[in-house]
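Residue-level listing of the chains:
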Amino acid sequence: MSEQKSWTLKSIAKELGISNATVSNAFNRPDQLSKKRREEILESCQKLGYSGPNKAAQSLRKGQSNIVALVLPDSVEYMISDPVASDFVKGVSSVLEKSNVNLLLFSGASENINAVSDFVDGFICYGSPRNPNLVEQLRTTAKKVVTADFDIDRKASVGIDNEQAAYDISKLAIKSKNDDIAILGLRLLDSNLTCRVYELPDDEGTPSIAHKRLAGYQKAIKEHGAELRNDRIWNIPKSSHEVALIAAREALSSTPRPNVILCMSDLIALAVLQEISAMGLNVPNDIRVVGFDGIDEASRSTPPLTTVHQNSEEKGNMAAELFINRATNAVVIPYHIEIGHTVNSN
């Protein structure tokens, strides 16, 4: 037999002195050969360094790759470090693996889905991509698309009622019209800056998760007759402890200091709790704090955080099932409020 080289099905069949169909059957249709004959062919192929017919070419011929691209809202590096996103990915992958479908993580900061479109069966889009150009590409692609926490008129979607959840949690935190309230928002602006938000951009199409949560907060504030000062909303570009600390310190050093802080993620809320403790203040007597997501760290914080709990793994399961079943319906999954010790019980 000849030395190792780049083999094709045709060349390996010629080398072994058998037909192309026999090689193909050994890899793809074992019932067509005796066990002994198949093992002999596979062993010879292994010695020569041939691992089987080209999968990419097979996928193109079949029109199916058994690969789904998961479009993340931000870079892959950032998202895999976020506990909420990690749970969602876990939920998606657990369902897809049972159907022998592979998962490709795709950065929401990428320039174009065309880089992978030819090699995947479709897309699961988790939240609004950092690059807004991807939104229109996902809206118009002929491939199957399922969205989570995001809607691009592709019908198949899954999420919670973010506005209602934000309203429910803020109703627990706000006690009177005299409360001084701050909102630490997550990606309210298309900006990498941690800054105050004095004016929100006009929503085009469906509001983002952050804007839905903001609407829920504002509804609860209005019902209490309280006032939200125009300099008391912050934009935090990503849900990370270090970035959230910047906004937390600025909010807590404001005059007058807020006594209610509504946070759009638990990671932001945990940064606020750390800063409050460093200032020697008491939660909830001096400042009441609520989060959003229900991550494990929230229940272990000191004091335990009052937050909206959404099951991100279940959401991932549902997104994958919608994709596999080629569903066209929107699914709203339940949430509940985790009552911690960061708001007064009365």
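Here, the structure is the one placed above.
Residues numbered from 1 in each chain as written. Predicted model: local features only at pLDDT ≥ 70, side-chain atom pairs only at ≥ 80, totals over all residues. Heavy atoms only, no water.

Trainee: Would you mind showing me how to read the overall build of the chain here?
Mentor: Counting secondary structure elements, the chain contains 14 helices and 13 strands. Its C-alpha atoms give the chain principal-axis dimensions of roughly 90 × 40 × 30 Å. The proportion of buried residues among the 346 residues of the chain is 49%. Long-range pairs, those at least 24 residues apart, make up 71% of the contacts in the chain between residues at least 6 apart in sequence. Split by element, the accessible area of the chain, about 17,300 Å² in all, is 47% carbon and sulfur. Of the charged side chains in the chain, 38 are positive and 43 negative, and the gap between their average positions amounts to 7 Å. (Helix = DSSP H or I, 4+ residues; strand = E, 2+ residues; numbered from the N terminus. Buried < 20%, exposed > 50% of the residue type's maximum accessible area, 1.4 Å probe, protein only. Contact = heavy atoms within 4.5 Å. Areas by Shrake-Rupley, 256 points an atom, 1.4 Å probe, with all protein chains shown as cover. Lys, Arg positive; Asp, Glu negative; His and termini not counted. Charge placed at Lys NZ, Arg CZ, Asp CG, Glu CD.)

Trainee: I'm lost on the pairing of strand β6 (residues 181-186) in this one. Help?
Mentor: In the case of a regular strand, side chains alternate between the two sheet surfaces. The buried count for β6 comes to six of six residues, which makes it a mostly enclosed element. Side chains of β6 alternate between two faces, with Ile181, Ile183 and Gly185 and Ala182, Leu184 and Leu186 buried alike. Of the pairings in the sheet, the one linking β6 to strand β9 (residues 260-263) comprises four bridges and is parallel in character. Across the sheet, the residue bridging to isoleucine 183 is leucine 262, located in β9. Bridging between β6 and strand β8 (residues 233-236) involves four bridges; their strand directions are parallel. Bridge assignment links glycine 185 to a residue of β8, and that residue is asparagine 235. (Pairing = 2+ DSSP bridges.)

Trainee: So what exactly am I meant to see when it comes to the nonpolar core here?
Mentor: With 79 residues, the main nonpolar core has Ile124, Tyr126, Leu184 and Val289 as its most contacted residues. Looking at this core element by element, the count peaks at eight residues for helix α12 (residues 266-278). Contact partners of isoleucine 124, with chain neighbours within four places excluded, come to Val68, Ala69, Leu70, Val71, Phe88, Val92, Val146, Ala319, Ala320 and Phe323. (Core = buried A, V, L, I, M, F, W, Y, C linked by side-chain atoms within 4.5 Å.)

Trainee: Teacher, can you tell me more about the sheet that holds β8 here?
Mentor: Hydrogen bonds between backbone atoms are what pair the strands of a sheet, whose relative direction is either parallel or antiparallel. In spatial order, the strands read β7-β8-β6-β9-β10-β11-β13; together these seven strands make up an open sheet with mixed pairing. The two strands at the open ends of the sheet, each matched to only one other strand, are β7 (195-196) and β13 (335-338). This element, α12, spans β6, β8, β9, β10 (288-293) and β11 (306-310) of the sheet and lies at about 155° to β10. (Axes fitted to C-alpha atoms, helices over the stretch in contact; angles between N-to-C directions.)

Trainee: Is there a simple way to explain the environment of alanine 109 in this structure?
Mentor: Note on placement: alanine 109 falls in the loop between β2 (102-106) and α7 (114-117). Judged by its relative accessible area of 42%, alanine 109 falls in the partly exposed class. Along the sequence, alanine 109 and aspartate 74 sit 35 residues apart, while their C-alpha atoms lie 5.6 Å from each other. The contacts of alanine 109, once residues within four sequence positions are left out, are Asp74, Arg130 and Asn131.

Trainee: Sorry, what's going on with the packing of aromatic side chains here?
Mentor: Remark: the centre distance and the inter-plane angle together describe each pair of aromatic rings, the angle taken between the planes. This model, assessed by the stated rule, comprises two aromatic pairs. The interplanar angle of 90° and the centroid separation of 5.6 Å between the aromatic rings of phenylalanine 27 and tyrosine 50 together place this pair among those described as edge-to-face. Note that phenylalanine 27 is positioned in helix α2 (residues 20-28) and tyrosine 50 in the loop between α3 (35-48) and α4 (55-62), a separation of 23 residues in sequence. With a centroid separation of 4.1 Å and 10° between ring planes, the pair formed by phenylalanine 88 and tyrosine 126 is classed as stacked. One end of the pair, phenylalanine 88, is in helix α6 (residues 83-98); the other, tyrosine 126, is in strand β3 (residues 122-126), with 38 residues separating them in the sequence. The same class applies to phenylalanine 88 and to tyrosine 126, which are both buried. A cation sits over an aromatic face here: arginine 213 above phenylalanine 292, 3.7 Å from the ring centre. When the ring centre of tyrosine 167 is taken as origin, the NZ or CZ atom of lysine 219, which lies over that ring, is 4.8 Å away. (Phe/Tyr/Trp six-rings, centres within 6.5 Å; stacked < 30°, edge-to-face > 60°. Lys NZ or Arg CZ within 6 Å of the ring centre and 35° of its normal.)

Trainee: Explain helix α9 (residues 162-173) to me, please; I cannot follow it from the model alone.
Mentor: Residues separated by three or four positions in an α-helix point in the same direction, a consequence of the helix having 3.6 residues per turn. Taking 1.5 Å per residue, twelve residues should reach 16 Å; α9 reaches 17 Å between its end C-alpha atoms and fits that length. Residues Asn162, Ala165, Ala166, Tyr167, Ile169, Ser170 and Ala173 constitute the buried set of α9. Contacts made by the buried residues of α9 are with α10 (209-223), β9, β10, β11 and β13. (Expected span 1.5 Å × (residues − 1).)

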